[in-house]
Amino acid sequence: ETGVTQTPRHLVMGMTNKKSLKCEQHLGHNAMYWYKQSAKKPLELMFVYSLEERVENNSVPSRFSPECPNSSHLFLHLHTLQPEDSALYLCASSHSPSPGLPTEQYFGPGTRLTVT
Amino acid sequence: GESVGLHLPTLSVQEGDNSIINCAYSNSASDYFIWYKQESGKGPQFIIDIRSNMDKRQGQRVTVLLNKTVKHLSLQIAATQPGDSAVYFCAENIYQKVTFGTGTKLQVIP
(Lines give C-alpha, C1' and ligand atoms only; values in the text may rest on other atoms or scores of the structure.)
Protein backbone atom coordinates (compact mmCIF):
# COMPACT_ATOMS: atom_id res chain seq x y z
CA GLU A 1 0.00 0.00 0.00
CA THR A 2 1.36 3.39 -0.99
CA GLY A 3 -1.07 5.52 1.03
CA VAL A 4 -2.92 6.61 -2.11
CA THR A 5 -6.24 4.96 -2.87
CA GLN A 6 -8.37 5.18 -5.96
CA THR A 7 -11.96 4.20 -6.65
CA PRO A 8 -13.34 2.57 -8.62
CA ARG A 9 -10.59 0.21 -9.75
CA HIS A 10 -12.44 -0.60 -12.94
CA LEU A 11 -15.04 1.41 -14.84
CA VAL A 12 -16.90 0.77 -18.06
CA MET A 13 -18.92 3.65 -19.39
CA GLY A 14 -20.73 4.64 -22.53
CA MET A 15 -19.90 7.78 -24.42
CA THR A 16 -22.95 9.59 -23.10
CA ASN A 17 -22.41 8.71 -19.43
CA LYS A 18 -21.12 10.93 -16.64
CA LYS A 19 -18.88 9.37 -14.03
CA SER A 20 -16.26 10.43 -11.52
CA LEU A 21 -12.97 8.96 -10.41
CA LYS A 22 -11.90 9.47 -6.82
CA CYS A 23 -8.46 9.62 -5.28
CA GLU A 24 -7.54 9.93 -1.62
CA GLN A 25 -4.12 10.23 -0.05
CA HIS A 26 -3.19 9.58 3.57
CA LEU A 27 0.40 10.79 3.40
CA GLY A 28 0.04 14.39 4.45
CA HIS A 29 1.04 15.59 1.00
CA ASN A 30 -0.14 18.87 -0.44
CA ALA A 31 0.21 18.22 -4.15
CA MET A 32 -1.91 15.81 -6.19
CA TYR A 33 -1.76 14.71 -9.81
CA TRP A 34 -3.82 12.96 -12.47
CA TYR A 35 -2.01 10.90 -15.11
CA LYS A 36 -3.23 8.91 -18.09
CA GLN A 37 -1.40 5.69 -18.89
CA SER A 38 -1.99 4.12 -22.30
CA ALA A 39 -0.33 1.03 -23.69
CA LYS A 40 3.25 1.56 -24.91
CA LYS A 41 3.17 5.29 -24.14
CA PRO A 42 4.80 7.23 -21.32
CA LEU A 43 2.70 8.46 -18.48
CA GLU A 44 0.89 11.58 -19.57
CA LEU A 45 0.44 14.26 -16.96
CA MET A 46 -3.08 15.68 -17.06
CA PHE A 47 -3.53 17.94 -14.05
CA VAL A 48 -1.56 19.11 -11.04
CA TYR A 49 -2.96 20.59 -7.86
CA SER A 50 -0.70 22.18 -5.30
CA LEU A 51 -2.15 23.49 -2.05
CA GLU A 52 -5.59 22.85 -3.60
CA GLU A 53 -4.97 25.16 -6.53
CA ARG A 54 -4.68 23.86 -10.04
CA VAL A 55 -1.18 24.69 -11.17
CA GLU A 56 -1.02 22.70 -14.37
CA ASN A 57 -3.45 21.64 -17.06
CA ASN A 58 -1.71 19.89 -19.92
CA SER A 59 -4.11 20.75 -22.75
CA VAL A 60 -6.55 18.14 -21.57
CA PRO A 61 -9.96 18.09 -23.35
CA SER A 62 -12.77 19.69 -21.41
CA ARG A 63 -14.57 16.36 -21.15
CA PHE A 64 -12.15 15.74 -18.26
CA SER A 65 -12.81 18.02 -15.31
CA PRO A 66 -10.71 17.80 -12.12
CA GLU A 67 -11.76 18.85 -8.67
CA CYS A 68 -9.65 19.14 -5.53
CA PRO A 69 -11.84 19.98 -2.51
CA ASN A 70 -8.98 19.60 -0.03
CA SER A 71 -5.39 18.43 0.06
CA SER A 72 -6.38 14.79 0.66
CA HIS A 73 -8.95 14.31 -2.08
CA LEU A 74 -8.90 14.61 -5.82
CA PHE A 75 -11.64 13.84 -8.33
CA LEU A 76 -11.73 13.50 -12.08
CA HIS A 77 -15.19 14.09 -13.53
CA LEU A 78 -15.80 12.44 -16.87
CA HIS A 79 -18.46 13.20 -19.44
CA THR A 80 -19.00 12.54 -23.12
CA LEU A 81 -15.82 10.50 -23.37
CA GLN A 82 -14.47 8.91 -26.53
CA PRO A 83 -13.23 5.33 -27.00
CA GLU A 84 -9.65 6.65 -27.27
CA ASP A 85 -9.97 7.85 -23.67
CA SER A 86 -9.87 4.22 -22.54
CA ALA A 87 -6.76 3.90 -20.40
CA LEU A 88 -5.45 3.50 -16.87
CA TYR A 89 -5.93 6.73 -14.91
CA LEU A 90 -3.42 7.15 -12.14
CA CYS A 91 -3.53 9.52 -9.23
CA ALA A 92 -0.37 10.54 -7.40
CA SER A 93 0.56 12.77 -4.51
CA SER A 94 3.72 14.41 -3.24
CA HIS A 95 4.99 17.22 -1.12
CA SER A 96 4.70 20.41 -3.13
CA PRO A 97 7.82 20.65 -5.27
CA SER A 98 9.92 23.75 -4.96
CA PRO A 99 12.99 24.97 -6.82
CA GLY A 100 15.99 22.94 -5.81
CA LEU A 101 13.88 20.54 -3.81
CA PRO A 102 12.20 18.06 -6.14
CA THR A 103 10.32 15.22 -4.57
CA GLU A 104 9.07 11.80 -5.54
CA GLN A 105 5.43 11.08 -6.25
CA TYR A 106 3.44 8.28 -4.70
CA PHE A 107 0.93 6.61 -6.98
CA GLY A 108 -2.40 4.96 -6.40
CA PRO A 109 -3.31 1.67 -8.10
CA GLY A 110 -5.21 3.40 -10.88
CA THR A 111 -8.68 3.15 -12.39
CA ARG A 112 -8.92 1.04 -15.53
CA LEU A 113 -11.40 2.94 -17.70
CA THR A 114 -13.07 1.47 -20.75
CA VAL A 115 -15.25 3.69 -22.92
CA THR A 116 -17.67 1.82 -25.14
CA GLY B 1 12.28 19.49 -25.86
CA GLU B 2 12.94 17.06 -23.07
CA SER B 3 12.57 13.36 -23.69
CA VAL B 4 13.19 10.30 -21.66
CA GLY B 5 13.64 6.99 -23.40
CA LEU B 6 14.61 3.45 -22.58
CA HIS B 7 16.99 1.41 -24.72
CA LEU B 8 15.16 -1.94 -24.46
CA PRO B 9 11.45 -2.56 -24.15
CA THR B 10 11.92 -6.04 -22.63
CA LEU B 11 14.75 -7.53 -20.58
CA SER B 12 14.90 -11.21 -19.62
CA VAL B 13 17.19 -12.17 -16.76
CA GLN B 14 17.91 -15.45 -15.03
CA GLU B 15 16.94 -15.55 -11.38
CA GLY B 16 19.95 -14.72 -9.25
CA ASP B 17 21.73 -12.74 -11.94
CA ASN B 18 22.12 -8.98 -11.88
CA SER B 19 19.82 -6.81 -14.01
CA ILE B 20 20.73 -3.53 -15.64
CA ILE B 21 18.02 -1.29 -17.01
CA ASN B 22 19.10 1.74 -18.99
CA CYS B 23 17.57 5.12 -19.64
CA ALA B 24 18.62 8.05 -21.79
CA TYR B 25 17.53 11.61 -21.25
CA SER B 26 18.03 14.61 -23.45
CA ASN B 27 17.81 17.67 -21.23
CA SER B 28 21.02 18.55 -19.45
CA ALA B 29 19.10 20.85 -17.09
CA SER B 30 17.34 17.90 -15.47
CA ASP B 31 18.25 17.94 -11.80
CA TYR B 32 16.56 14.91 -10.31
CA PHE B 33 15.90 11.39 -11.52
CA ILE B 34 13.66 8.67 -10.20
CA TRP B 35 13.18 5.00 -10.92
CA TYR B 36 9.74 3.51 -10.52
CA LYS B 37 8.58 -0.10 -10.61
CA GLN B 38 5.11 -0.99 -11.85
CA GLU B 39 3.75 -4.45 -11.26
CA SER B 40 0.76 -5.76 -13.15
CA GLY B 41 -2.46 -4.21 -11.87
CA LYS B 42 -0.68 -1.68 -9.67
CA GLY B 43 0.46 1.88 -9.89
CA PRO B 44 4.12 2.85 -10.20
CA GLN B 45 6.10 2.43 -7.00
CA PHE B 46 9.10 4.57 -6.09
CA ILE B 47 12.35 2.58 -6.00
CA ILE B 48 15.24 5.00 -5.78
CA ASP B 49 16.15 8.52 -6.76
CA ILE B 50 19.31 10.45 -7.49
CA ARG B 51 20.08 14.14 -7.73
CA SER B 52 22.17 15.58 -10.50
CA ASN B 53 25.04 16.42 -8.14
CA MET B 54 25.61 12.70 -7.56
CA ASP B 55 26.75 9.93 -9.89
CA LYS B 56 25.81 6.90 -7.83
CA ARG B 57 23.32 5.99 -5.19
CA GLN B 58 22.68 2.66 -3.55
CA GLY B 59 19.63 1.18 -1.95
CA GLN B 60 18.70 -2.28 -0.88
CA ARG B 61 19.77 -4.51 -3.83
CA VAL B 62 19.43 -1.55 -6.20
CA THR B 63 21.95 0.96 -7.46
CA VAL B 64 21.34 3.93 -9.70
CA LEU B 65 24.15 5.34 -11.79
CA LEU B 66 24.01 8.74 -13.43
CA ASN B 67 26.33 9.75 -16.23
CA LYS B 68 25.66 13.37 -17.01
CA THR B 69 28.28 13.49 -19.73
CA VAL B 70 26.28 11.17 -21.96
CA LYS B 71 22.91 11.84 -20.31
CA HIS B 72 22.46 8.26 -19.25
CA LEU B 73 20.85 6.71 -16.22
CA SER B 74 20.87 3.07 -15.21
CA LEU B 75 19.23 0.91 -12.59
CA GLN B 76 21.09 -2.12 -11.38
CA ILE B 77 19.27 -4.83 -9.47
CA ALA B 78 21.47 -7.34 -7.69
CA ALA B 79 20.49 -11.01 -7.41
CA THR B 80 17.29 -10.56 -9.37
CA GLN B 81 14.30 -12.34 -7.88
CA PRO B 82 10.94 -13.39 -9.37
CA GLY B 83 9.32 -10.56 -7.42
CA ASP B 84 11.38 -8.10 -9.43
CA SER B 85 9.36 -8.90 -12.55
CA ALA B 86 7.66 -5.66 -13.49
CA VAL B 87 7.88 -2.65 -15.77
CA TYR B 88 10.53 -0.14 -14.73
CA PHE B 89 10.25 3.55 -15.56
CA CYS B 90 12.81 6.24 -15.29
CA ALA B 91 11.62 9.78 -14.76
CA GLU B 92 13.45 13.08 -14.92
CA ASN B 93 12.62 16.27 -13.14
CA ILE B 94 13.26 19.64 -14.67
CA TYR B 95 11.94 22.88 -13.25
CA GLN B 96 9.63 20.89 -10.95
CA LYS B 97 8.08 19.05 -13.89
CA VAL B 98 8.46 15.28 -14.10
CA THR B 99 8.69 13.46 -17.44
CA PHE B 100 8.42 9.70 -17.59
CA GLY B 101 9.92 7.19 -19.99
CA THR B 102 7.92 4.46 -21.71
CA GLY B 103 9.22 1.69 -19.47
CA THR B 104 11.23 -1.53 -19.70
CA LYS B 105 9.62 -4.82 -18.88
CA LEU B 106 11.85 -7.03 -16.74
CA GLN B 107 11.13 -10.75 -16.97
CA VAL B 108 12.85 -12.99 -14.43
CA ILE B 109 13.41 -16.54 -15.59
CA PRO B 110 13.26 -19.01 -12.69
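Whatever comes next refers back to the structure up there.
Residues numbered from 1 in each chain as written. Chains lettered and ligands numbered in written order. Predicted model: local features only at pLDDT ≥ 70, side-chain atom pairs only at ≥ 80, totals over all residues. Heavy atoms only, no water.

Some words on the interface of chain A and chain B
What counts, and what does not: Should any heavy atoms of two residues lie within 4.5 Å, those residues are counted as being in contact. We define buried area as the total accessible area lost by two parts upon association, computed with a 1.4 Å probe and summed across both. Salt bridge, as used here: a side-chain nitrogen of Lys or Arg that lies within 4 Å of a carboxyl oxygen of Asp or Glu. In protein, a polar contact requires one atom able to donate a hydrogen and another able to accept it; more generally it is a pair of N or O atoms within 3.5 Å, and residues adjacent in sequence count only if both atoms are side-chain atoms. Comment: elements are numbered from the N terminus, with helices defined as DSSP H or I runs of at least four residues and strands as E runs of at least two.
With 20 residues of chain A at the contact, the number on the chain B side is 20 residues. When chain A packs against chain B, close to 1,600 Å² is buried across both sides, 58% of that on carbon and sulfur atoms. Viewed at the interface, chain B and chain A are joined by 0 salt bridges. The tally of links between chain A and chain B comes to 4 residue pairs in polar contact (both at pLDDT 80 or more). For the side of chain A that touches chain B, the secondary-structure elements that each account for two or more residues are β4 (31–37) and β9 (87–94) of chain A.

What about the nonpolar core?
Our working definition: To define a nonpolar core, start from buried Ala, Val, Leu, Ile, Met, Phe, Trp, Tyr and Cys residues and group those joined through side-chain atoms within 4.5 Å. Only protein chains enter the accessibility calculation, which uses a 1.4 Å probe; a residue is then buried when its area is under 20% of its type maximum, exposed when over 50%, and partly exposed in between.
Trp34(A), Phe64(A), Leu76(A) and Leu78(A) are the most contacted members of the largest nonpolar core, which totals 22 residues. Every element with two or more residues in this core is listed here: β2 (10–13), β3 (18–25), β4, β5 (44–50), β7 (64–70), β8 (73–79), β9 and β11 (111–115) of chain A. Look past the residues within four positions of Phe64(A) in its chain and what remains in contact with it is Met46(A), Phe47(A), Leu76(A), His77(A), Leu78(A), Leu81(A), Asp85(A) and Tyr89(A). Counting residues in each nonpolar core, the second largest holds 20 residues, with Val13(B), Ile48(B), Leu66(B) and Tyr88(B) among its members.

Details of the pairing of strand β5 (residues 45–51) of chain B
Look at any regular strand and the pattern is simple: side chains alternate between the two faces of the sheet. Residue and element names in this part refer to chain B. Selection rule: Pairing between two strands is assigned when DSSP locates at least 2 bridges connecting them.
Two elements, strand β4 (residues 32–38) and β5, share 6 bridges in a ladder whose sense is antiparallel. Bridged to Lys37 within β5 is Gln45. Remark: 6 residues form the turn of the hairpin made by β4 and β5, two consecutive strands paired antiparallel; Gly41 in that turn has positive phi of roughly 80°.

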